[in-house]
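The lines below spell out each chain.
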There are 2 protein chains.
Amino acid sequence: MSKLLILAHNMDEYTRRIGQADLPYLEIVTSPAECDIVLGEPRMVREALPHLPDLKWVQSIYAGVEPLVDPTQRRDYVLTNARGVFGSSMSEFVFGYMLFFKKRIQERIQAQQARKWDHLDGGLLRGRTIGLLGVGSIGSHLAKTAKHFGMIVRGFTRESEGCPHVDKYYHGNNLLDFVGGLDYLVSVLPRTEETNQIVNAELLDALSSHAVFINVGRGNAVDESALVEALEQNKIAGAVLDVTVQEPLPEEHPFWTTPNLFLTFHTSAMSYPEDITELFIENYKLFIEGKPLKYRVDFERGY
Amino acid sequence: MSKLLILAHNMDEYTRRIGQADLPYLEIVTSPAECDIVLGEPRMVREALPHLPDLKWVQSIYAGVEPLVDPTQRRDYVLTNARGVFGSSMSEFVFGYMLFFKKRIQERIQAQQARKWDHLDGGLLRGRTIGLLGVGSIGSHLAKTAKHFGMIVRGFTRESEGCPHVDKYYHGNNLLDFVGGLDYLVSVLPRTEETNQIVNAELLDALSSHAVFINVGRGNAVDESALVEALEQNKIAGAVLDVTVQEPLPEEHPFWTTPNLFLTFHTSAMSYPEDITELFIENYKLFIEGKPLKYRVDFERGY
């Protein structure tokens, strides 16, 4: 018999959904002392870690698991994160903003307010080039949507080249080649040592002045002062930041008023219990069969 | 030898592109009297109609050919319109606006201006229902994009049921069934007698209060007073009108200031010479082989 502890704000909904699935050999418990499986929010799970003597497996309900891969924390269990479920929401978000710029939606609203018949064509995404910083399960989904819209897709990864929707891959020292000529640069990078300030002044200088940068990964990937400067000097056309180094953003942060910078408050991909429950069920079946779980996190690598 | 007259504002670009294609037995001429083929804008072609004694075929560079199907005009030639080329631009436009609403882009901009961390989730297109008024080549492309985003697709047509991306078809008297429960209603209908004011008070009443209506077809499909009333009384959540009965919209028209109504000034699908040239070449090859042309307009039906 396995015993599952749920540590999430919407614990009731998870309890109901998993209960309805009627999984074999599984009991949902509320006491940390007796559970061997935890499903939950990384921050809440971290607090419980010292009180979980029988812990074998943690399924995170988020993709980012920074609180759990912190080197000060125990690593004597299998950690799986929520991958594979955010691709479609991320695509809606990223293409929503790309089309917001391309279709000149803000300019059309202003024209209407001025009672001006604004017939200027903004052009198409079709034929434009998108560069994906990171091509895991989310990046692959973005690549697929980009192809649906007839775009050219570049991918920057450590070494993987597995996504069939990427036209050209770049790695390692080819970062400036990768960004040269991009119309859109999208970061889906996780927070690790290696991704710190990868979007810095040099990279921003290498972007076209009409390029738009979208960050739906983690805030650490961006040198925030360099981004403010690039936008103030019109070195790039715009930025959409779903993530920042500090969240919520401090009230005195320059991002609130940086020109052509759009804040979206970490909403690009919400964690929906229906998706996470499906993922948990899939992994639980592997767990009781003693098979390797899906989306296992490498504690060293951090994702 | 065939003689082609080009009647379009960007005539030079068409001349260059078609010249480069080096088509057999084709000469580009500038005199109406000697041409047998015309490529052009319907309005400009209509003016030339009395001066084209040898006319055999007109290829319109637009989808809408109202000036040419008018019953007062001659019909002793083959008229083909530009179909099949607007699907991708229309998809960018329609999904740009659907995502603009769904991702709460305007609300996020306002939150940023107020330095407010607006974490409210707007939800996903995935799982929502779109209804297409008209499922020709543009509607089919919209249906395909809707499926890419995981939506449920309903189609309303006269009788055709040919698009594999439509989940359920409606015809004739089932218009109110068709709109009941829709999240998005998109009209791509051409201007004909039958489409006049199809979006009227009764239909708007049958829509959900959270529904958004998008018109990328023709303005005649809408009872404009009924739409203003529906928006003023929050009977529907929003409307995006790329087309109106009168264009440009008269300065005193209520649409300029109707709440939650967005005007886009007939920009949803521009006619790009690269696309139209490709279509012309394809049809020209059929023409010289004496085969039936693609996208032939039925003068009686009007499209």
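What counts as what
Residues numbered from 1 in each chain as written. Chains lettered and ligands numbered in written order. Predicted model: local features only at pLDDT ≥ 70, side-chain atom pairs only at ≥ 80, totals over all residues. Heavy atoms only, no water. Helix = DSSP H or I, 4+ residues; strand = E, 2+ residues; numbered from the N terminus. Rg over C-alpha atoms; globule rule 2.2 N^0.38 Å. Buried < 20%, exposed > 50% of the residue type's maximum accessible area, 1.4 Å probe, protein only. Contact = heavy atoms within 4.5 Å. Least-squares fit on C-alpha atoms with pLDDT ≥ 70 in both. Salt bridge = Lys/Arg side-chain N within 4 Å of Asp/Glu carboxyl O. pLDDT = per-residue confidence, 0-100. Phe/Tyr/Trp six-rings, centres within 6.5 Å; stacked < 30°, edge-to-face > 60°. Expected span 1.5 Å × (residues − 1). Axes fitted to C-alpha atoms, helices over the stretch in contact; angles between N-to-C directions. Parallel < 35°, antiparallel > 145°, perpendicular 65-115°, else oblique. Nonpolar A, V, L, I, M, F, W, Y, C, P; charged D, E, K, R; others polar. Patch = residues over 30% accessible without salt bridge, like charges linked within 9 Å, V, L, I, M, F, W, Y side chains within 5 Å. Areas by Shrake-Rupley, 256 points an atom, 1.4 Å probe, with all protein chains shown as cover. 1 Å grid on protein atoms, 1.4 Å probe; cavity = no way out; pocket = protein on both sides within 12 Å on 5 of 7 lines; lining within 4 Å. Points joined across faces, edges and corners; volume = space filled by probe spheres on them. Pairing = 2+ DSSP bridges. Buried area = accessible area lost by both parts, 1.4 Å probe.

Chemist: I'd love a proper account of the overall build of chain A, names of residues and values included.
Modeler: Along its length, chain A carries 10 helices and 12 strands. For 303 residues, the compact-globule estimate of 2.2 N^0.38 gives 19 Å, and chain A sits close to it at 21 Å. Seen along its three principal axes, the alpha-carbon backbone of chain A occupies a region of about 65 × 45 × 45 Å. Here chain A holds 303 residues, and 57% of them are scored as buried. A sequence separation of at least 24 residues applies to 60% of the contacts in chain A between residues at least 6 apart.

Chemist: So what's going on with the relation of the copies chain B and chain A? Which residues, and what values?
Modeler: Between chain B and chain A, the superposition needs a rotation of 180 degrees and an axial shift of 0.0 Å, giving an RMSD of 0.1 Å. Both copies of the chain, as the preceding transformation shows, are related through a two-fold rotation axis. Looking at the rotation axis and the C-alpha trace of chain B, the residue lying nearest is Gly96(B), at 2.8 Å. Both copies share a contact surface, since 100% of the interface residues of chain B are interface residues in chain A too.

Chemist: Can you tell me about the pattern of salt bridges, naming the residues and giving the values?
Modeler: Per the stated rule, a full pass over the model turns up 36 salt bridges over all chains. In this structure, Arg104(A) and Asp118(A) form a salt bridge, with 3.1 Å as the shortest nitrogen-oxygen distance. Here Asp118(A) lies in the loop between helix H5 (105-113) and strand E6 (129-133) and Arg104(A) lies in the loop between helix H4 (87-102) and H5, a separation of 14 residues in the sequence. As a salt-bridge pair, Asp36(B) and Lys56(B) come within 3.8 Å of each other at their nearest N and O atoms. With Asp36(B) in the loop between strand E2 (26-29) and strand E3 (37-40) and Lys56(B) in the loop between helix H2 (42-48) and strand E4 (57-60), this pair connects stretches of sequence that are 20 residues apart. Several salt bridges converge on common partners, so that one network encompasses Glu66(A), Arg191(A) and Arg218(A).

Chemist: Help me get a handle on the confidence of the model for chain A, residues and values and all.
Modeler: Residue-level pLDDT values for chain A average 97, and 100% of them are 70 or greater. If you check the scores for this complex, the pTM reads 0.93 and the ipTM reads 0.92.

Chemist: Account for the packing of aromatic side chains, naming residues and giving values.
Modeler: Counted according to the given criterion, the structure contains 32 aromatic pairs over all chains. With centroids separated by 5.3 Å and ring planes inclined at 5 degrees, the aromatic side chains of Trp57(A) and Phe280(A) adopt a geometry described as stacked. In this pair, Trp57(A) is assigned in strand E4 (residues 57-60) and Phe280(A) in helix H10 (residues 273-288), connecting sequence segments 223 residues apart. Residue Trp57(A) is classed as buried on the basis of its relative accessible area of 0%. Consider the rings of Phe93(B) and Tyr97(B), whose centres lie 5.0 Å apart with planes at 45 degrees: the pair is tilted. Placement of the pair is Phe93(B) and Tyr97(B) together in helix H4 (residues 87-102), with a separation of 4 residues, close to one helical turn. Taken individually, Phe93(B) and Tyr97(B) each receive the classification buried, so the pair is uniform in this respect. Within the aromatic cluster, the residues linked to one another by ring pairs are Phe93(A), Tyr97(A), Phe100(A), Phe101(A), Phe262(A), Phe93(B), Tyr97(B), Phe100(B), Phe101(B) and Phe262(B).

Chemist: If you had to explain H10(A) to someone new, which residues and values would you point to?
Modeler: Think of an α-helix as 3.6 residues a turn; residues three or four steps apart then line up on the same face. Residue and element names in this part refer to chain A. For H10, built from 16 residues, the straight-helix expectation of 22 Å at 1.5 Å per residue is met to within 8% by its first-to-last C-alpha distance of 22 Å. Along H10, the residues classified as buried are Pro273, Asp275, Ile276, Thr277, Leu279, Phe280, Ile281, Asn283, Tyr284 and Phe287. Looking at the packing, one finds that the buried side of H10 touches strand E1 (2-7), helix H1 (11-21), strand E2 (26-29), strand E3 (37-40), E4 and strand E5 (78-80). One or two positions beyond H10, positive phi appears at Gly290, with a value near 70 degrees.

Chemist: For the packing of H4(A) against helix H5 (residues 105-113) of chain B, give the residues involved together with the corresponding values.
Modeler: Viewed as axis vectors pointing N to C, H4(A) and H5(B) meet at an angle of 85 degrees, and their least axial separation amounts to 12 Å. Looking at the two axes, H4(A) sits roughly perpendicular to H5(B). Across the interface between the two elements, Gly96(A), Tyr97(A) and Phe100(A) of H4(A) pack against Ile105(B), Arg108(B) and Ile109(B) of H5(B). Of the residues contributing to the contact of H4(A) with H5(B), the split by class is 4 nonpolar, 1 polar and 1 charged.

Chemist: Please give an account of a nonpolar patch on the surface that cites residues and values.
Modeler: Residues Met1(A), Tyr25(A) and Ile288(A) make up a contiguous nonpolar surface patch of roughly 370 Å² in combined accessible area. Note on placement: Tyr25(A) falls in the loop between H1 and E2.

Chemist: Before we move on, can you summarise empty space enclosed by the protein with the specific residues and values?
Modeler: Overall, the coordinates contain 2 cavities of 30 Å³ or more when judged by the stated rule. Its boundaries defined by the atoms lining it, the largest cavity holds a volume of some 90 Å³. Considered class by class, the residues forming the lining of the largest cavity number 5 nonpolar, 4 polar and 4 charged. In this structure, the second largest cavity spans a volume of roughly 70 Å³.

Chemist: Outline the sheet that holds strand E12 (residues 261-263) of chain B, listing residues and values.
Modeler: All names here are of chain B. Reading across the sheet, the 7 strands line up as E8-E7-E6-E9-E10-E11-E12 and stay open at both edges, with parallel pairing between neighbours. Two strands close off the open sheet at either side, each with one partner strand: strand E8 (168-170) and E12. The mean inter-strand angle of the sheet, taken between neighbouring strand axes irrespective of direction, is 15 degrees. For strand E10 (residues 212-215) and strand E11 (residues 238-241), the ladder comprises 4 bridges, and the chain directions are parallel. Each residue of the ladder has a partner; that of Phe213, found in E11, is Ala239.

Chemist: If you had to explain the interface of chain B and chain A to someone new, which residues and values would you point to?
Modeler: Taken together, the contact pairs 53 residues of chain B with 54 residues of chain A. Taking both partners together, chain B and chain A bury about 4700 Å²; carbon and sulfur atoms supply 62% of that area. Together, Glu92(B), Trp117(B) and Phe265(B) form the three largest contributors to the area buried by chain B at its contact with chain A, with a combined 18%. Where chain B touches chain A, the interface holds 4 salt bridges. Residue Glu92(B) is joined to Lys103(A) by a salt bridge in which the shortest nitrogen-to-oxygen separation is 3.2 Å.

Chemist: Account for unusual backbone geometry, with residues named and values stated.
Modeler: Cis geometry is found at the peptide bond from Glu247(A) to Pro248(A), where omega equals -10 degrees. Its location among the elements puts Pro248(A) in the loop between strand E11 (238-241) and strand E12 (261-263). The phi dihedral of Phe265(A) falls on the positive side, at around 60 degrees, and the residue is not glycine. Position of Phe265(A) relative to the elements: it lies in the loop between E12 and H10. With a relative accessible area of 1%, Phe265(A) lands in the buried category. Unusually for a residue other than glycine, Asp22(B) sits at a positive phi of about 50 degrees.

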